[in-house]
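The lines below spell out each chain.
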Amino acid sequence: MMKTLRSCTSYIHSRSFSYRLKSFQNLYIRSIILIHGVYIAYTLLDNELLKVKKYANEEWSDVGEIGKLGSTPKIAVDAQNNVYVSFDDKDNAYRHYLHRYKNGNWEVMGETYINNSGKWERLVLDSKGTPYVSWIDTYSNTVVVAKLIGDAWLHIGNEPVSDSILVITGDHHDMAVADNGYVYAAYCTREDNQLVVYRHNGAEWELLGNNLADGTVKSINMEIDNEQNIYVAYADGNVADK
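Criteria and thresholds
- Residues numbered from 1 in each chain as written.
- Predicted model: local features only at pLDDT ≥ 70, side-chain atom pairs only at ≥ 80, totals over all residues.
- Heavy atoms only, no water.
- Helix = DSSP H or I, 4+ residues; strand = E, 2+ residues; numbered from the N terminus.
- Polar contact = N/O pair within 3.5 Å; in protein donor to acceptor, adjacent residues only side chain to side chain.
- Contact = heavy atoms within 4.5 Å.
- pLDDT = per-residue confidence, 0-100.
- Core = buried A, V, L, I, M, F, W, Y, C linked by side-chain atoms within 4.5 Å.
- Buried < 20%, exposed > 50% of the residue type's maximum accessible area, 1.4 Å probe, protein only.
- 1 Å grid on protein atoms, 1.4 Å probe; cavity = no way out; pocket = protein on both sides within 12 Å on 5 of 7 lines; lining within 4 Å.
- Points joined across faces, edges and corners; volume = space filled by probe spheres on them.
- Nonpolar A, V, L, I, M, F, W, Y, C, P; charged D, E, K, R; others polar.
- Pairing = 2+ DSSP bridges.
- Axes fitted to C-alpha atoms, helices over the stretch in contact; angles between N-to-C directions.
- Salt bridge = Lys/Arg side-chain N within 4 Å of Asp/Glu carboxyl O.
- Phe/Tyr/Trp six-rings, centres within 6.5 Å; stacked < 30°, edge-to-face > 60°.

**Student:** Looking at this structure, how should I read the side chain of Lys 68?
**Tutor:** Mapped onto the elements of the fold, Lys 68 is located in the loop between β6 (59-62) and β7 (70-77). Of note is the side chain of Lys 68, whose polar atom sits 3.0 Å from the side chain of Asp 89. The contact partners of Lys 68, leaving out residues within four places of it in the chain, are Glu 48, Leu 49, Leu 50, Phe 87, Asp 89, Asp 91, Asn 92 and His 99.

**Student:** Can you help me understand the side chain of Asp 174 in this one?
**Tutor:** Relative to the elements of secondary structure, Asp 174 occurs in strand β15 (residues 173-177). Only 3.4 Å separates the side chain of Asp 174 from the side chain of Arg 122, close enough to count as a polar contact. There is a polar contact of 2.8 Å between the side chain of Asp 174 and the backbone nitrogen of Met 222.

**Student:** Would you explain the confidence of the model for the protein chain in this entry?
**Tutor:** Detailed reading of the predicted coordinates is not advisable wherever pLDDT is low. Scored by pLDDT, the protein chain has a mean of 84; 84% of the residues are at 70 or more. Low confidence marks residues 4-26, where pLDDT is under 50. Its contacts with residues over four positions away, or in another chain, come to 59 contacts.

**Student:** How should I be thinking about the nonpolar core in this particular structure?
**Tutor:** If you look at the biggest cluster of nonpolar residues, it comprises 16 residues, and the most contacted ones within it are Tyr 132, Val 145, Val 161, Tyr 187 and Trp 205. Mapped by element, the contributors of at least two residues to this core are β12 (131-137), β13 (142-149), β15, β16 (183-188) and β17 (195-200). Ignoring anything within four residues of it in the chain, the contact list for Trp 205 reads Val 145, Ile 156, Gly 157, Glu 159, Pro 160, Val 161, Val 183, Ala 185, Tyr 198, Arg 199 and His 200. Membership of the second largest hydrophobic core comes to 14 residues, among which are Ala 176, Ala 178, Tyr 184 and Val 217.

**Student:** What is the right way to look at empty space enclosed by the protein in this model?
**Tutor:** Gaps between atoms show up when a probe of the same size as a water molecule is rolled over them. This structure, assessed with the given rule, holds 1 cavity of 30 Å³ or more. A volume near 50 Å³ is recorded for the largest cavity. Lining the largest cavity are Leu 50, Lys 51, Val 52, Asp 62, Val 63, Gly 64, Glu 65, Ile 66 and Trp 106. Here the residues of the lining of the largest cavity sort into 5 nonpolar, 1 polar and 3 charged.

**Student:** Would you take a moment to explain the sheet that holds strand β14 (residues 152-155) for this structure?
**Tutor:** The strands making up a sheet are joined through hydrogen bonds of the backbone, oriented either antiparallel or parallel. Read across the open sheet, the 4 strands follow the order β11-β12-β13-β14; overall the sheet is antiparallel. Of all the strands in the sheet, the pair left with one neighbour each is β11 (118-125) and β14. If you compare each strand with its neighbour and ignore which way they point, the axes differ by 30° on average. Sheet analysis places β13 next to β14, joined by 4 bridges and oriented antiparallel. Paired with Leu 148 across the bridge in β14 is Trp 153.

**Student:** Please explain unusual backbone geometry as it appears in this structure.
**Tutor:** What is expected of a backbone is that most residues other than glycine have negative phi and most peptide bonds are trans. With phi around 65°, Asn 81 is a residue other than glycine that occupies positive phi space. Tracing the sequence through the fold places Asn 81 in the loop between β7 and β8 (83-89). Located in the positive-phi region is Asn 141, a residue other than glycine, with phi close to 55°. Relative to the helices and strands, Asn 141 resides in the loop between β12 and β13.

**Student:** Any chance you could explain the sheet that holds β17 here in plain terms?
**Tutor:** Reading across the sheet, the 4 strands line up as β15-β16-β17-β18 and stay open at both edges, with antiparallel pairing between neighbours. Either end of the sheet is taken by a strand with one partner, and the two such strands are β15 and β18 (205-209). In this sheet, neighbouring strand axes are inclined to one another by 25° on average, regardless of whether the strands run parallel or antiparallel.

**Student:** Explanation requested: the pattern of salt bridges in the structure shown.
**Tutor:** Applying the stated rule across the entire model yields 7 salt bridges. The salt bridge involving Lys 53 is made with Asp 62; its shortest N-O contact spans 2.5 Å. Asp 62 sits in the partly exposed class, given a relative accessible area of 38%. Arg 199 serves as the salt-bridge partner of Glu 206, at 2.7 Å between the closest nitrogen and oxygen. On the basis of relative accessible area, Arg 199 is assigned to the partly exposed category, the value being 21%.

**Student:** Any chance you could explain the packing of aromatic side chains here in plain terms?
**Tutor:** By convention here, two paired aromatic rings are described through the distance between centres and the angle between planes. On inspection of all chains with the given rule, the structure shows 4 aromatic pairs. Where Tyr 97 meets Tyr 113, the ring centres are 6.2 Å apart and the plane angle is 70°; that geometry is what we call edge-to-face. Here Tyr 97 is found in strand β9 (residues 95-102), whereas its partner Tyr 113 is found in the loop between β10 (105-109) and β11, with 16 residues between them in sequence. Between Tyr 187 and Tyr 198 the ring centres are 6.1 Å apart and the planes differ by 0°, which places this aromatic pair in the stacked class. With Tyr 187 in strand β16 and Tyr 198 in strand β17, this pair connects stretches of sequence that are 11 residues apart. A relative accessible area of 1% places Tyr 187 in the buried class. On the basis of relative accessibility, which here comes to 6%, the residue Tyr 198 falls in the buried class.

Below, the structure written as structure tokens:
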């Protein structure tokens, strides 16, 4: 079952959210809230130093020292409390890489970068802890999804989600992975700023629905609950992006 929801704010959803935190200066934050704490990944605006922190027991602590410069970090945490952060690596021409914090050390995941022509990435873990990253390819204006198999990044479907219904460039897409391995992608179309949802059923990408909103949409967020219902939240252009 798929449900569409107007977002109460164009920045917040249940898995993670982006915002500027007033108590910090000169940084952008990506965070994830879990029962056992709050994790944040951020880069300082003045030198692009990447930092990861955890808030628990009423105090902040560093999650190791990743020692990288970059931008646009995304964060996820698996069932064993291993922390994953993907980001554009400044030392590698801002190509997008994934790092994992495990047993007290940060390590690179995958033999190569995830993409070198993408922006507005999303990072999720499936129920087995497998990382998935989606992004908008800036050359083709398509959404691409990849998963980490061993040390290799495999494109889901070996192709973009759709090469006929193009995505509007910007932070207007999201993805989710169901327990059965099906991958879902939602994005805003380039032609008419409408909401479309696709599913990869293990063999191919299939269109589940288009024109799902009453007007233009922005800031799309997708979630799957424990009963495998799919939720898509968005900012509605007809009501001042609320």
